[in-house]
Amino acid sequence: MNVPTDLRYAKTHEWIRSEGDTITVGITDHAQAELTDIVYAEPPKVGAEVKAGATAAVVESVKAASDIYSPLSGSVTEVNAELASNPALLNTDPFGQGWIYRMKASDVAEIDSLLTPEAYSAQIGQ
Amino acid sequence: MSDPATLKHTPLEACHLASGARMVEFGGWLMPVQYTGIMDEHRAVRSSSGMFDISHMGEVLVEGAGALEWLEQLLTNRVGKLAVTRGQYTMMLNEKGGVIDDLIIYRTGEAAYFLVINGACRDLDLEWMRSRLPSDGSVILKDLGDDYAAIALQGPDSEKILRSLYPSCEVPKRNGIAPLVASDGSIPSLVARTGYTGEDGFELFVPVAQGNGEALWQNLLAAEVKPCGLGARDTLRLEMGYPLNGSDLSPDRTPLEAGLGKFASLDDAAKGDFSGRKALETQRSKGLPSLLTPLKLTVTGPPLRSHYPVLSEGHSVGETCSGALSPSLGKGIAMAYLPPSLATPGTGLEIEVRGRRYAATVVALPFYSK
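Owing to the predicted nature of the structure, the values given are computational and were not obtained by experimental measurement.

Trainee: Whenever I open this one, the pairing of strand 6 (residues 55-61) of chain A confuses me. Can you help?
Mentor: Two faces, one strand: in a regular strand the side chains alternate between the faces of the sheet. Residue and element names in this part refer to chain A. Extensive coverage of strand 6 is indicated by the burial of 6 of its 7 residues. Summarising the sheet, strand 4 (residues 38-42) and strand 6 pair through 4 bridges and their orientation is antiparallel. Paired with Ile 38 across the strands is Ser 61, a residue of strand 6. Where strand 6 lies against strand 7 (residues 65-69), 5 bridges are found, and the strand directions are antiparallel. Across the sheet, residue Val 58 finds its bridge partner in strand 7, namely Asp 67. The turn joining strand 6 and strand 7, which pair antiparallel and follow one another in sequence, is formed by 3 residues.

What follows is the structure, encoded as structure tokens:
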């Protein structure tokens, strides 16, 4: 499984990419492989307040709906509109075109509590 | 989930693991839910061929001079309509008219009937049947559930594949059954032209002994038949509107409420009494309290699942039972017990998913046809 080295990870299989104070959030390659064919994504609304560890989005495979937890607290600034018409991007490009939402973090210190790529790789057993 | 120690294992488990299956608990069995992916498997069955392990289903042989009369009292459809080698869909009801199980019965001999029952209710079904056996020995019931491995070969290419694997096999007509190959012992191998996908196909029953099931699986794999799991089995059957016992059928709902009245021979003078008949007649004269209704989202929305509220003009009128995203239609589909006044095709309703309401309409079955 791909675990890019420039990202940080939540134990619940989300990733974040920091660019200044803008944070992009998605799910990992491991998560998409476990979920299998993703057929629907429900991102948060722009402007929504999200809390670290609380449900921010839902993705659904044919078999099951899965909550996506926000890795950080803050407010949602942008959502990936492409996912509405092409939710399979979450499977095919989870770290790129399959991103779910962007947010402004209210406390960037929370990033320190997220897993490093090495720690996340260890968690998923590789 | 059931206690892993009590989970039942199919004789084909090693085959599933070798094919990369994801295994899940289903009705007390450890079964493959998917291999490469549900969408992929679903499409294979619609366009070419796929195979499903159905070894969890129960097989019951009913024989004897009193078999026909006894089965007429046990089941809703008129068994006497069946010529030897023919099969029919039918149901076993409790005295309230509720569905204990839905099943297929094949007549395999002059006084021999082969019943295929749902895996999740094998024990309950057998208990119900045994408790009603006549004491004079005129009906002999044999539980062959653990003696058969069973594989459903489904899809438009099924006949071609069956003929290539068994060139001398008699290929049954739709809903028929035939001996598959000469078998070694007391349990015959059987091939039935039935299924749960809406496609042409066969259900193959082979004695579990000596690895017959695994050999059949390997032969089908070599013929490039795609292994398919319970996930695709569910989307395929729901697109056709076939009910799933435990989800769409229950001991508290009658076949009339489930829209399966044509499989209950209430107006056939030759049928006579059967368990649940009085309740069905009462319900028919008084009117149905609800009707199992096919619903389709008219907007892009999430896959539908069980227990989502269904609304009419803002008021809750029921909830979904079976639901899915139809891989063929790309839309959410579901079944729901609704007041009969709302069950007419074209009726506009809403389905609520995580607090959001999505427009839906009542449709006629099947949801999908080629």
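Trainee: Looking at this structure, how should I read the nonpolar core?
Mentor: General note: in soluble globular proteins, nonpolar side chains tend to be found buried as a group. Counting 26 residues, the largest nonpolar core has Phe 52, Tyr 106, Phe 114, Tyr 148 and Phe 205 of chain B as the members making the most contacts within it. Those elements that place two or more of their residues in this core are helix 2 (38-47), strand 7 (99-109), strand 8 (112-117), strand 10 (148-154), strand 12 (190-192) and helix 7 (230-240) of chain B. Excluding anything up to four places from it in sequence, Phe 205 of chain B contacts Glu 59, Phe 114, Val 116, Tyr 148, Ala 149, Ala 150, Pro 188, Ser 189, Leu 190 and Ala 192 of chain B. Grouped together as the second largest cluster of nonpolar side chains are 25 residues, Ala 57, Leu 72, Leu 89 and Ile 100 of chain A included.

Trainee: It is not clear to me how the pairing of strand 7 of chain B should be interpreted in this structure. Could you clarify?
Mentor: Residue and element names in this part refer to chain B. Of all 11 residues in strand 7, 10 are buried, a share of seventy percent or more. Note: strand 6 (residues 87-93) against strand 7, 7 bridges, orientation antiparallel. Residue pairing across strands places Gln 88 opposite Ile 105, the latter belonging to strand 7. In the sheet, strand 7 pairs with strand 8 via 5 bridges, with the strands oriented antiparallel. Bridged to Ile 104 within strand 8 is Val 116. The hairpin formed by strand 7 and strand 8 contains 2 residues between the paired strands.

Thresholds applied
Residues numbered from 1 in each chain as written. Chains lettered and ligands numbered in written order. Predicted model: local features only at pLDDT ≥ 70, side-chain atom pairs only at ≥ 80, totals over all residues. Heavy atoms only, no water. Buried < 20%, exposed > 50% of the residue type's maximum accessible area, 1.4 Å probe, protein only. Helix = DSSP H or I, 4+ residues; strand = E, 2+ residues; numbered from the N terminus. Pairing = 2+ DSSP bridges. Core = buried A, V, L, I, M, F, W, Y, C linked by side-chain atoms within 4.5 Å. Contact = heavy atoms within 4.5 Å.

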